[in-house]
Every structure is written in C-alpha cells, then in structure tokens.
Amino acid sequence: MATTSPAEAGTLAADRPRTEGRGRARRSRPTSGAALYRAWWVPLLWILPTVVVIGVFGIFPFVNTVLLSFTDARPLGGGGDFVGWENYARLLGDPDFWLATRNSVVYAVIAVPLLVVLPLVAAQLVYRKLPGIGFFRAAYYTPVVASMVAVALVWQNLLNERGPINTALEKFGLIHSPIPFLSDTTLLLLSAIALTVWKGIGWYMIFYLAALANVPGALYEAAELDGAGPVRRFVHITVPGVRLTMLLVGIMSGIGSLRVFTEIYVLGGATGGPGGADRTLPFYIRDTALDPVSGNAGYGAAVSVALFVLTIGLAIASHKLGGSEDDQ
C-alpha cells in the first residue's frame, strides 16, 4: 500500500482549502446562462408595477389628504390657503363630529363581537362533512357575493312600515302599530348593524373553516372520551385553537365597522337618518367635504385623518389584547 511522506501530506493539506474555496465559489455562481449577464437592477423591474400602484393609489392619496387637512380648499375650487391647525381645532369643538364618532364607535362595539362569535358558530355547524352540507355552506356565503346596495335595498323593503315584517307581526297580533325600524334613530342604527353582521357572517366563516382544519381531531376525541359535552369542547378546544383567527377577524371587522357608509345611506336616506342623527364618520366626511355649495375639503380631510387615527388605535388595542393573551 502506498504511503505518503510528511512533506507530501503537508502540501496536500495546504492545497485543500484553496481547492474547497474554488469549489464553493463555483457552486455560488448562477447556474442559469441568463443570470450571468443580468444586471443587478433587473429584478427591481419585476416589482415596479406593484410599487407604482401602491404609490399612486395608496401612499399619494394618504399624503395628499394629510396636507389637504391644513388648508381651506373647496371641493370644486381646488387649491386653498394654508390654515395650520385651524381645521383640527374646529373638529374638536364640532358636536356633529362627536355625534358621528359616537355612532361609529357604537357601531363597532356592537358589530365586532357578533362578527367574531357568530361566524365561528356557523363554521362549527358546517365544518362536519355531512350529506347536503354543501348547500348550507353556499347559503351562508351567498350574502357575501351579493352587492351591498342590492342587499340594503331588500332590507329597506323588509323593514319598511308597510313591509313584510311589520305586516306579518300585525297579522299575528304581536304589534298594534308598525315598528319604525327606519325612522327611529336607535332602531335605524341597530338595523344597519344587523345588516352588516348578516352580510359578514359568511365572509368571516371562511377564515374560521381554514382555522378549524388546523385543530387536531385527537383533542376532540380525547375530550369526548373524558365525558366533555359539545359546549365544553367548543369552549376549551375550539376557541383556543382559533384564537389568533378570532383576533384577525376582530381587527378586520372593527376596521370595516368604522368605515360603514352604504348601510346607513340606503336604510336612512341621504341625510343619514332623521336629522342626520345616525351619520357615521364616513357619512360625515361626505357631507363636509363633498358638498359643492358649502363643503370644505380641508375640513373633510381633517375628519378623514381623525378616522385614520381611530382605526389605527383600534388595531393597536386589538393587537395588545391578543399579545397579552399570548403571554398568559
């Protein structure tokens, strides 16, 4: 058997790092011929369309709205003079703004818990693979694909004082006079919330169905062997298993509730209910910023910034609440 002298062994050991280094260098080179001659900035062209769309339809409108809030620009006049913090000072003393803010907050406080819990219950009901379950899944999701305007018009006809609901209640002797669903300020706001919740159940149910697929079935089997009933299995297994999805649904539904406009407009009319008592912040932004006669685009932009701050505050609060639960 051939032997290697100490001198030859040292030479081989000295040459090995250089050989390995050249091998690593060859392996790190692009294997595609096109990649060898591609400039470093070419991949940036691939994301350029997305960056342009985000900049034109996202960043620029936001920056322009913030700058506009410091002016007294008119909807049709353009331009406007710089007024500093005058719009924000007016906003703090505007009772109509605080009424719209209260309506938006009440809307979110009532709608968000319902949109977090009811879609989860619906998802739990249709999660099992039973004969005909596809029909119920489609039935729950049908309102989602329908236009909000079309759905709101249907609800307007149903809730009218001479609509099917009041007519049926009077026929069975449950009421003696029509219920003013659309003319009473409180009932109008609750009716709009019910419409939002009804239309959103199917959408958020999809999120929960995806989350339920990741909950181990062995947990339900073990709990059932231990004698846990459906309610206990739902509370102690299902809810913890989809808690992060519940947080996501809460943030999304909260943001959507603060941006409600169509429901109030269709059910309550162009004034936003009797005397504008049910106007939300988006509704108030439309009235203050887009009126061609008395509108003030600068003040409307200030209200828009306030809505943005309120939305960010809701998102941060939800995140902190979810984070504190994770720490526990």
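The structure this text deals with has already been given above.
This is a predicted model, so every value here is computed, not measured.

Draft legend 1. Representation of the overall build of the chain in the model. Each helix and strand counted, the chain has 15 helices and zero strands in total. Relative to its 328 residues, the chain shows a buried fraction of 33%. Once local pairs closer than 6 in sequence are excluded, the contacts in the chain between residues at least 24 apart make up 66%. Split by element, the accessible area of the chain, about 20100 Å² in all, is 67% carbon and sulfur.

Draft legend 2. Representation of the packing of aromatic side chains in the model. Summed over all chains, the structure comprises twelve aromatic pairs. Aromatic side chains Phe-70 and Trp-85 sit 5.1 Å apart centroid to centroid with 85° between the ring planes, which places their arrangement in the edge-to-face category. Of this pair, Phe-70 sits in the loop between α3 (42–68) and α4 (86–92) while Trp-85 is found in the loop between α3 and α4, placing the two residues 15 residues apart along the sequence. Given a relative accessible area of 17%, Phe-70 falls into the buried group.

Draft legend 3. Expanded view of the pattern of salt bridges. Within the structure shown, the criterion is met by three salt bridges. Of the charged contacts, one joins Asp-287 and Arg-279 as a salt bridge, the two residues approaching to 2.9 Å between their closest N and O atoms. A salt bridge links Arg-286 to Asp-287, with the shortest nitrogen-to-oxygen separation between them at 2.5 Å. A relative accessible area of 21% places Asp-287 in the partly exposed class.

Draft legend 4. How the structure looks around the nonpolar core. Of all hydrophobic cores here, the largest spans 57 residues; its most connected members are Phe-97, Tyr-107, Tyr-208, Val-242, Ile-264, Leu-267 and Val-303. Top element by residues in this core is helix α9 (residues 185–212). It accounts for 13 residues. Not counting residues up to four positions away in its chain, the partners in contact with Leu-267 are Ala-152, Trp-155, Gln-156, Leu-182, Leu-188, Ser-191, Ala-192 and Leu-195.

Definitions and limits used
Residues numbered from 1 in each chain as written. Predicted model: local features only at pLDDT ≥ 70, side-chain atom pairs only at ≥ 80, totals over all residues. Heavy atoms only, no water. Helix = DSSP H or I, 4+ residues; strand = E, 2+ residues; numbered from the N terminus. Buried < 20%, exposed > 50% of the residue type's maximum accessible area, 1.4 Å probe, protein only. Contact = heavy atoms within 4.5 Å. Areas by Shrake-Rupley, 256 points an atom, 1.4 Å probe, with all protein chains shown as cover. Phe/Tyr/Trp six-rings, centres within 6.5 Å; stacked < 30°, edge-to-face > 60°. Salt bridge = Lys/Arg side-chain N within 4 Å of Asp/Glu carboxyl O. Core = buried A, V, L, I, M, F, W, Y, C linked by side-chain atoms within 4.5 Å.

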